[in-house]
Every structure is written in structure tokens, then in C-alpha cells.
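Survey of secondary and tertiary structure
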Amino acid sequence: MAAVPDQSPAPAANDADPQETREWLDALQALITSEGRERAHYLLEQLLDQARQDGVDMPFSANTAYVNTIPPDLEERNPGNVEIEERLRAYMRWNAMAMVVRANRLHPADGGDLGGHIASFASLATMLGAGFNHFWHAPSEDHGGDLVYFQGHSAPGIYARAYMEGRLSDEQLDNFRQEVDGKGLSSYPHPKLMPDFWQFSTVSMGLGPIMAIYQARYLKYLHARGIADTSKRKVWVFCGDGEMDEPESLGAIGLAAREKLDNLVFVVNCNLQRLDGPVRGNGKIIQELEAEFRGSGWNVIKLIWGAYWDPLLARDKAGILRQVMMDVLDGDYQAMKANDGAFVRKHFFGRHPELLEMVKNMSDEDIWRLNRGGHDPNKVYAAFHAAATHQGQPTVLLVKTIKGYGLGQAAEARNVAHQVKKLTDEDIREFRDRFNIPVPDHELPKLPFFKPADDTPEMQYLHARRKALGGYLPQRRTKADEQFTLPPLAEIFKPMLEATAEGREISTTQSYVRCLNQLLRDKALGPRVVPILVDETRTFGMEGLYRQIGIYAPEGQKYTPVDRSEVMYYREDKSGQILQEGITEAGGMCSWIAAATSYSHSNRITIPFFIYYSMFGFQRIGDLIWAAGDMLARGFLLGGTSGRTTLNGEGLQHEDGHSQLMAANVPNCISYDPSFAHEVAVILHRGLQRMVVDQENVFFYITLLNENYAQPGLKAGTEEQILKGMYLCREGSSKSGKLRVQLLGSGSILREVLAAAELLEQDWGVAADVWSCPSFNELAREGRDCERWNLLHPKDKQRKSFVAQQLESHAGPVIASTDYVRMFAEQIRPFLPADRNYRVLGTDGFGRSDTRTKLRRHFEVDRHFVVLAALRSLADEGKLDASKAAEAIQRYGIDVERINPLLA
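Residues numbered from 1 in each chain as written. Predicted model: local features only at pLDDT ≥ 70, side-chain atom pairs only at ≥ 80, totals over all residues. Heavy atoms only, no water.

Attention shifts here to the overall build of the chain. Helices and strands together make up the secondary structure of the chain, namely 35 helices and 18 strands. Relative to its length of 904 residues, the chain is compact, with a C-alpha radius of gyration of 33 Å against a globular reference of 29 Å. The principal-axis extents of the C-alpha atoms in the chain amount to approximately 105 × 75 × 55 Å. Looking at the chain as a whole, 58% of its 904 residues qualify as buried. If you sum the accessible surface of the chain, you get close to 37,500 Å²; carbon and sulfur atoms cover 49% of it. (Helix = DSSP H or I, 4+ residues; strand = E, 2+ residues; numbered from the N terminus. Rg over C-alpha atoms; globule rule 2.2 N^0.38 Å. Buried < 20%, exposed > 50% of the residue type's maximum accessible area, 1.4 Å probe, protein only. Areas by Shrake-Rupley, 256 points an atom, 1.4 Å probe, with all protein chains shown as cover.)

In C-alpha cells form, the structure reads like this:
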């Protein structure tokens, strides 16, 4: 073993016996030299343990010195051709820069500002090169493929590499951020926009890290369940140091350590800058993150200094250089790389006379050449190798780089680096010269892309490295190779299609659980079901699944559960099927995304069912749901205890009256608010057909209720109408005279609408047809599609919306009442038959606790308000005297002076 250099510090001012200290340190160095670092580590652990037992006060520190974790003598040798890789990086740097600058010079009359980012890739290029050339496997016959979450702002660099590989054309690069005509490249990693290329959406800060943690865990889950061999696969995640301020970035690192996700590698690009300035100008972000990750149980590898620092560190016998490295703040480190070697000599080495003496024979250019670890290809390789081979823990690499590296005075280490997307001709010339790009002066104004000939050593090397790793990345599979068939609706969900017997009332949540149980019994589809729960199993009546299919736990169940003697005891299992996430909707959603995109990342179809309080879905984790849409996820989201008045005791923060409206904004989210068990069954069956059998890129959001009531059963022939959004569930009496109204409802309020129909006929002689509307959102989408078609085809026969088709033969004003805000049902107003009076009731305002009856009266959506709205609408049409509406107000005790519930 190589000798360990003397790294002992100068005697501390409070050292009572420096000689004894020196002897202990010499003994430690001798031990390391003679018996190795592992033996030294073991003895230190024993000494510390004994000290604790003897009551010695040992202040805790999760930090190590501000130097590289891997000493030079333990660095794995880089097997690549460093010179060729450097040339390739230079070309990619040039093409990435040219792509962004060209995009912002093309259309000056149209603003000339498409945006784009150069600085992030500039700081990452060496690390990305190491990954692509040596570590990241593409899917192949004997390897499922590594998964890489690229830093979103580095997209131009990934495109530049794909261009060199021949996967993207000059035309595509020239259409960066110009996608409307179908020839361009998306601004960031967007699978929806480039479905064969990008695998993950990462540019919304913080989402990449948390999604990646649950993705790595899901690979372990697939392996444990015997669905796919994922033993060779790694998940690599590139994050910015500023991005780590997002709660989602660090929020789940404890899970990764707890479940020993050694298939997970975080690479934090510590260029010390966020978008507007330094990340920790008054501190040290690398030290801060080291403590966070080390304290959470991760393997932490710091790569701070490049190889040019190694001789100086080896001569640092008194530890002065290390101390100065620790003392200098990040804001000062940034300033040093924004200036020159003379500035570094004065403001870094000038902090101690011995350091100035150490570098007296170095020129300012030599000092300026002292590199940061993230730009040293050999040290990057060694760090990546250590991370890739580490077992038993997730690994985080904290890699120090320079934002805007190579961009000179225009952006290098400048606060403006992130926003730089336009360079002057002189900036471009300097860039060309710095990286020796073979573009002549007269071509510089055109900013031509550069790619060597196919037979050059650089291009042969580029393709050979990817061939050795199974193919090109990033790449995305659009459909799984496997196929499934789905049993007919009447076969798989038959019990839910029948009317409930007297005294056997159930909720739609119970009907969903029963459908899930039926699905789990299917020999082909059952093993692919992934139930996801966030500590609300009993709330939704799903505890029976514990015993039936078990909770996934990588270490099994090493304890005896307190309820072991019960039938539905809490059972954890190494091959358990349930993902029980604890109290984290964000974590549950990330598991759902991993399962919902398994067809793509693992060539296996899995069917996730994530149920949660509906208020904690689109409102709390809407950004992740939007990312799921971008990633073309397929699965079911179930919003339990939905509606503003159904979860009557929980109050303002639990009562959902708007998630359906939020769901309507996600283009590939198909959303329903069913009232009955048969509606739930029909919707689930169609979802399985579209997502599993047809492999269509949609996902379903279904809101569920916790009220038990009689279920009427499926009326044959209404299945398609249910799926389109509305069907006639109760026809008004023909004995009620000439007055007739159309009542619409969904979810929990449909039963109030049905009760209102009876009151109208009994108390007022008005016939009322009642329509169940499981999806106002789907009705509105179909209506808008008809409207658009009619606009674009003025000479053709005009289409009728489905709403108009359903209502045109049913006379009278239309009244809709739901447990959601008015805007939910308002969406269909333009698509009703012409001149039809339409009145909407809804639960605008904050929720509160009380009985359901009082809450529905408070929000003015109960049966009495439906009756009042119907009578008033008839009066507005001149079919009924307005005094009848006033009479109804008195009869039903409606307080006309009470505050608007929106403001209550």
C-alpha cells in the first residue's frame, strides 16, 4: 500500500500536550500504512464506542474535511481515452452553445427570445461524458437499462451528444424550442413532446430527486415480486445544488437509506450558484449537504478538487491549506472563478504566508489552472466508479464545478450565468479558441454545428463506447412488448353491476375495493396490480388486503405485529404487493408514477391504484400529477371522501370541492365523479381496457364517497353514456302535468337531486327527469371538441354535443347540483340545446365541520335548493308564477338573509 502523506494539523491553541497529540497521530498514520484503512476504521470505531461508554463528551459532526473523499492513491484508474473524450466534450459544448444562441438570433421580429440555457451543461459536461462513455447501460438482452434523471437545464448538452451520435439532425437542432411544426426539440426533458427520447420530466425543481428515489425502490419491488430482473440496473439522478432547497429534493432521502437503495446514485452539481446568485454565499453548500445525507444514512462522496491540487495538498504538512479551503465561503469561491489567477493568489493563498510561499514558483496561469473536481475526467471517473460499485447504501456525489465553465467573461461563475442565452461575436470567438473548435473565422457569424467525419477516431470511439454499453441513451420505450386481455365487464365486475339487497347499502369506496379484489383474483392481471396507500388503509376499508397480498418490505417482517391474532393483521413481506408509503402523498404519487410508467422503463405493464383523501391530491401534489401527464403515465388515482360536504367532520383542510376542476386541466387525465357502484365498475373496466390492453397514454382520476346507500344497479345499454358523462337515471312522471325540468347531479349530491325530483312532483306538480353525470369534465371536453370542429368546418353539417343530444328530447330548464364548485358544472353551459335555461348550484367557499345535512344546506346544494332553483327557472321562462319560488323559500325554511357561503 502506498504511504499516506502526513496530513496532521498544526497544534491547536488549546492543546495541553502537543507532543502526545503528535504521537497519537503518528501512531494512526503508521497503522494506516501497515494495516490499511479498514483496520484503522475498525479500531477508531472501537475507541469511540469505549469513549461513549466511559461518558466522554464527543461533540457530533456529520462533516469531514473540505477535501475529496477518495484520496489519490485509492482512485480507480480511468480506462478511457482521455484526449479523445476531451475533444468530444469540446464539440458537444460548441454544439450546445450554438443551438441556444442560434435559436435566440433567428426571429428578431418575433421577439428573438426563445430562451434556453448554456451554463448548466457547461458545468456538467465532464460528468455527463463519464456516464455516457463508461457507466450508463442502455436496455439490452441481458440488462434492463440504467435510468438517468438529467438536470433539466442541461438538455442542450444531451441534444448535442445525440446529434454527434447521428440520432438528431441539423434541422432538429436548428429548431430547438420550436416544436409547433413537429421538427423541433423540447426546451427540457419532456416525454410527452419527445416520446422516443426523454424518459423522465425533471425541470420542475425538486421533482426529479423525489421521483428517482421511489423509482429506485420500485425497481427493487419489481425484482422482489418476480416481475422483472432489475438486479443490474442503477438510477442516476443529476440535481443542482440550488435545487436541493426544494423540500421534495431532500424530503425522501431517509426512505432511500432505510430501504438500502444501493441502486441509487445522486449527483449534486455543486456549481455554487442558483438562478439569481450564490446558493450559500455565507456558507458551504457541500458541507451542508454532506451532513444532510450522511446523517440520513447515505454513502457520501465529495469530489471538490481536481488533480492539479494533489501536489499542493501532499505538501500541506501543517494542514494550513486544508484549513483555508474550509474557511473560504462559497461566495468567495465563486468570485475567485469569476476573476483570474492573480485574484486567487491574493484572496485565497494570501490568507496565510505559508500558502503564498507554497505557490511562489507558480505563475498566475498555473494558479488559474488549479481545477475543480467536477472538471477533472479522471477524478470524475473514480468517483462514479466508487458510487456504482458501493453496496448496501444509496450514494450521493457532491461534485464541485463552475457554472458557465468555458463561457469566459460572458457567464463563467457570474450571477447572470443561468440567464445567458445570447453571446456576442467576440464571446463566440473566445469560446471557439478556448476549446479549439475547427470553425474558421468567416464561418463564426453563422454559428455552424460541428460534427467530425464518421471515420475519425473521435466518432469511432463515441459509437464504440455506446455499443459496449448496449446502445444509445436517452431512449424511451413507448409500449411494452407484453400483451394482456381483459375479461368482459359482466364477468370480472359482475357483483358491482347488480342492485344491492335491502340492508346491504355500500359506498362507492367499498364498491371500488370490491372491484379491486375481483381484479386481484385474475391470474394474469392480479399480480400486476399495485395498490398504493398513504397510511389510510382502514379509512378506505382496505385492511383486508394486508393478509391477502401483504405489504412490500425489503427485509420482510422481523417483528410480531400487535394484531397478529386477528384475521386482518398487519403483514409485511419481502414479496408483498401493497406499497404502504406512510403519511406522504408526494411519496405515494412518486411510487404511482414509477408503476404507471413501468411499461416504458421496465417493459412490464403494472397497474397502480393510488387512493388518498381527494383534498390531498391535485391541490397538494398537483405538480407531480402534471409531471405524470408529461411522462405518459397509465394508472388510477382515487380521490377518497370527495366533495365539500361528504367528509362532514374533518373541516376546511379536508373537504374537497375543486379537485375535479383541477383534474380537467391535465389533458391526458380522464376524470369521473361517480355516484353509484355500477358507474365505478364501468369506469374501471374501460380504464383497464384503454391503459392495459390498448396501451393508451391516459390515466384515470375517480372521486369516491364514504356514504353508504342502496345501489340501483346497471341499466343495460347505458355503459357508453356513463363513460361519455351523462345518462338518464330517473324519468319524471308523466302524470305531473305540463311542467317539466331536467335535473343533473354527480357524486354525493346526485341523491339530493333524486330527492328533489320527488319533492317537485309531490309538492309542486312538476315532473323532473334526473340525469347522473359521472363526468362534467368529459362532457365539457367533448363539447369543446364539437365546437372546434364546427368552427373549422363551416360548410359541413354541424355536430351536436353529447349534452345536447341527451337533452334535446327532454323539455324544460336544466338545473345542475354537485358537491364541487359551480365552475365544475358550469363548463357544459355552452353545449346545452339552444335557448335552454341553465342554473348551477355548487359548493363555492371553504369547508367546515357539521352534519352532511347541515353542510348541504349551508352550501345551498341540497334538495330544497334544487327545488327552489327549478321553480325559479320555470318562473323565469314564464311557465310558473314567481310566487311559487317565494312559497318554496318559506316552506323549506330557507334563510334569505344569510351570508353567501363563498364568503362565510
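A word on the side chain of Asp146. Along the polypeptide, Asp146 turns up in the loop between helix H4 (119-135) and strand E1 (147-149). Of the side chains with opposite charge, Arg233 comes closest to the buried, unpaired Asp146, at an N-O distance of 6.1 Å. Among the polar contacts made by the side chain of Asp146, one reaches the main-chain amide nitrogen of His137 at a distance of 2.8 Å. Among the polar contacts made by the side chain of Asp146, one reaches the main-chain amide nitrogen of Lys234 at a distance of 2.8 Å. Residues contacting Asp146, with those up to four places away along its chain left out, are Phe135, Trp136, His137, Lys232, Arg233 and Lys234. (Lys, Arg positive; Asp, Glu negative; His and termini not counted. Salt bridge = Lys/Arg side-chain N within 4 Å of Asp/Glu carboxyl O. Polar contact = N/O pair within 3.5 Å; in protein donor to acceptor, adjacent residues only side chain to side chain. Contact = heavy atoms within 4.5 Å.)

It is worth spelling out helix H7 (residues 207-224) at this point. Its 18 residues give H7 an end-to-end C-alpha distance of 26 Å, which sits within 8% of 26 Å, the value for a rise of 1.5 Å per residue. Counting buried positions along H7 yields 15 of 18 residues, so the element is predominantly enclosed. (Expected span 1.5 Å × (residues − 1).)

Another aspect to go through is the packing of aromatic side chains. Inspection of every chain in the model, using the stated rule, returns 45 aromatic pairs. Ring centres of Tyr613 and Phe616 lie 5.5 Å apart, and the angle between their planes is 70°; on these two criteria the pair is classed as edge-to-face. Comparing Tyr613 with Phe616 shows no difference in burial state: the two are buried. A network of ring pairs unites the aromatic residues Phe132, Phe135, Trp136, Phe150, Tyr159, Phe176, Phe197, Trp198, Trp236, Phe238, Tyr381 and Phe384 as a single cluster. Its guanidinium or amino end placed over the ring of Tyr188, Arg177 lies 5.0 Å from that ring's centre, counting from NZ or CZ. The ring of Tyr405 has Arg434 sitting right over it, with the charged end atom 5.1 Å from the ring centre. (Phe/Tyr/Trp six-rings, centres within 6.5 Å; stacked < 30°, edge-to-face > 60°. Lys NZ or Arg CZ within 6 Å of the ring centre and 35° of its normal.)

Our focus in this paragraph is unusual backbone geometry. Trans is the common state for peptide bonds, and a negative phi is the common state for residues other than glycine. Pro474 follows Leu473 through a cis peptide bond whose omega is -5°. Within the secondary structure, Pro474 sits in the loop between helix H19 (457-468) and helix H20 (489-492). The backbone of Asp835 shows a phi angle near 65°, a positive value even though the residue is not glycine. Inspection of the secondary structure assignment puts Asp835 in the loop between helix H32 (822-826) and strand E18 (838-841). With a relative accessible area of 83%, Asp835 lands in the exposed category.

Moving on to the packing of helix H1 (residues 18-35) against helix H2 (residues 37-53). Axis separation between H1 and H2 bottoms out at 7 Å; the angle between their running directions is 135°. Here H2 runs oblique to H1, going by the angle between their axes. The residues of H2 that touch H1, namely those facing Leu28, Leu31, Ile32 and Glu35, are Arg37, Arg39, Ala40, Leu43 and Leu44. In terms of residue class, the contact of H1 with H2 is built from 6 nonpolar, no polar and 3 charged. (Axes fitted to C-alpha atoms, helices over the stretch in contact; angles between N-to-C directions. Parallel < 35°, antiparallel > 145°, perpendicular 65-115°, else oblique. Nonpolar A, V, L, I, M, F, W, Y, C, P; charged D, E, K, R; others polar.)

So, about the environment of Arg872. Among the secondary structure elements, Arg872 is positioned in helix H34 (residues 863-876). Put simply, Arg872 and Ser883 are 11 residues apart on the chain and 9.2 Å apart in space, counted from C-alpha to C-alpha. Apart from the residues lying within four places of it in its own chain, the contact partners of Arg872 are Arg839 and Ala885.

Before going further, it helps to examine the sheet that holds strand E5 (residues 395-400). The parallel open sheet is built from 5 strands, whose spatial order is E1-E2-E3-E5-E4. Each edge of the sheet is formed by a strand with only one pairing partner; in this case those strands are E1 and strand E4 (299-303). Going across the sheet, the axis of each strand differs from the next one's by a mean of 15°, ignoring polarity. Running at roughly 150° to strand E3 (residues 264-270), H4 makes contact with strand E2 (235-240), E3 and E5 of the sheet. Contacts from helix H10 (residues 285-295) reach E3, E4 and E5, with the element oriented near 165° to E4. (Pairing = 2+ DSSP bridges.)

Let us look at the side chain of Ser249. With respect to the secondary-structure elements, Ser249 resides in helix H8 (residues 247-250). Residues in contact with Ser249, not counting those within four places in the same chain, are Gly206, Pro209, Glu243, Met244 and Phe266.

Let's shift gears to empty space enclosed by the protein. It is the rolling of a water-molecule-sized probe over the atoms that shows where space remains empty. Within this structure, the stated rule accounts for 9 cavities of 30 Å³ or more. Approximately 120 Å³ is the volume found for the largest cavity. In this structure, the largest cavity is lined by Trp305, Trp309, Tyr333, Met336, Lys337, Val344, Phe348, Ile367, Leu370, Asn371 and Arg372. The dominant element in the lining of the largest cavity, judged by the number of residues it contributes, is helix H13 (residues 330-337), at 3 residues. Looking at the lining of the largest cavity, its residues break down into 8 nonpolar, 1 polar and 2 charged. Of the volumes computed, that of the second largest cavity is approximately 70 Å³. For the second largest cavity, the full set of lining residues is Ala595, Ala596, Tyr599, Ile605, Thr606, Ile607, Arg634, Gly635, Phe636, Met691 and Val692. Within the residue set of the lining of the second largest cavity, elements represented by two or more residues are helix H23 (585-596) and helix H27 (677-693). (1 Å grid on protein atoms, 1.4 Å probe; cavity = no way out; pocket = protein on both sides within 12 Å on 5 of 7 lines; lining within 4 Å. Points joined across faces, edges and corners; volume = space filled by probe spheres on them.)

Grouped together as the largest cluster of nonpolar side chains are 92 residues, with contacts concentrated most on Phe348, Phe349 and Trp592. By residue number, the principal contributor to this core is H7, which donates 11 residues. In contact with Trp592, not counting residues within four places along its chain, are Ile532, Pro608, Phe609, Phe610, Ala628, Ala633, Arg634, Gly635, Phe636, Leu637 and Phe699. Core analysis: the next-biggest nonpolar cluster, separate from the first, contains 89 residues, Met496, Tyr599, Phe636 and Ala885 among them. (Core = buried A, V, L, I, M, F, W, Y, C linked by side-chain atoms within 4.5 Å.)

Let us look at the confidence of the model for the chain. Per-residue confidence for the chain gives a mean pLDDT of 92, with 97% of residues at or over 70. Confidence over residues 1-9 falls short of pLDDT 50; this stretch has 26 contacts with residues more than four positions distant or in other chains. (pLDDT = per-residue confidence, 0-100.)

Summarising burial for strand E6 (residues 529-533): 5 of the 5 residues are buried, a large majority. Side-chain alternation along E6 places Val529, Pro531 and Leu533 on one buried face and Val530 and Ile532 on a second face that is also buried. Here E6 pairs with strand E10 (residues 607-613) via 5 bridges, running parallel. Note on E10: the bridge partner recorded for Pro531 is Phe609. Two elements, E6 and strand E9 (residues 579-580), share 2 bridges in a ladder whose sense is parallel. Bridge pairing in E9 links Leu533 to Gln580.

Let us now look at the pattern of salt bridges. For the coordinates displayed, the defined rule picks out 53 salt bridges. Close ionic contact of Glu555 with Lys558 constitutes a salt bridge, the shortest N to O distance being 3.1 Å. The shortest N-O distance in the salt bridge between Arg872 and Asp876 comes to 2.9 Å. Here Asp876 and Arg872 lie together in helix H34, a separation of 4 residues that amounts to about one turn. One connected set of salt bridges, linked through shared partners, spans Glu426, Arg429, Arg432, Asp433 and Asp441.

Attention now goes to the sheet that holds strand E16 (residues 767-772). Ordered by their spatial adjacency, 5 strands build an open sheet running E14-E16-E15-E17-E18, and the pairing between neighbours is mixed. In the strand order of this sheet, the two ends are held by strand E14 (727-730) and E18, each with one partner. Each strand of the sheet is rotated relative to its neighbour by a mean of 30°, with strand direction disregarded. Judged from the 4 bridges that link them, strand E17 (residues 814-817) and E18 form a sheet pairing that is parallel. Looking at E18, one finds that Val814 is bridged to Tyr838. The strands that helix H29 (residues 750-764) touches are E14, strand E15 (740-745), E16 and E17; relative to E16, the one it contacts most, it runs at about 170°.

At a closest axis distance of 11 Å, the pairing of helix H3 (residues 82-103) and helix H18 (residues 425-434) adopts a crossing angle of 165°. Considered as vectors, H3 and H18 are oriented roughly antiparallel to each other. The two elements H3 and H18 cross, and the hand of that crossing is left-handed. Each of Arg93, Trp94, Met97 and Val101 in H3 lies in contact with H18, whose residues at this interface are Ile428, Phe431 and Arg432. The residue inventory of the contact of H3 with H18, partitioned by class, reads 5 nonpolar, no polar and 2 charged. (Left-handed = near helix turned anticlockwise from the far one by under 90°.)

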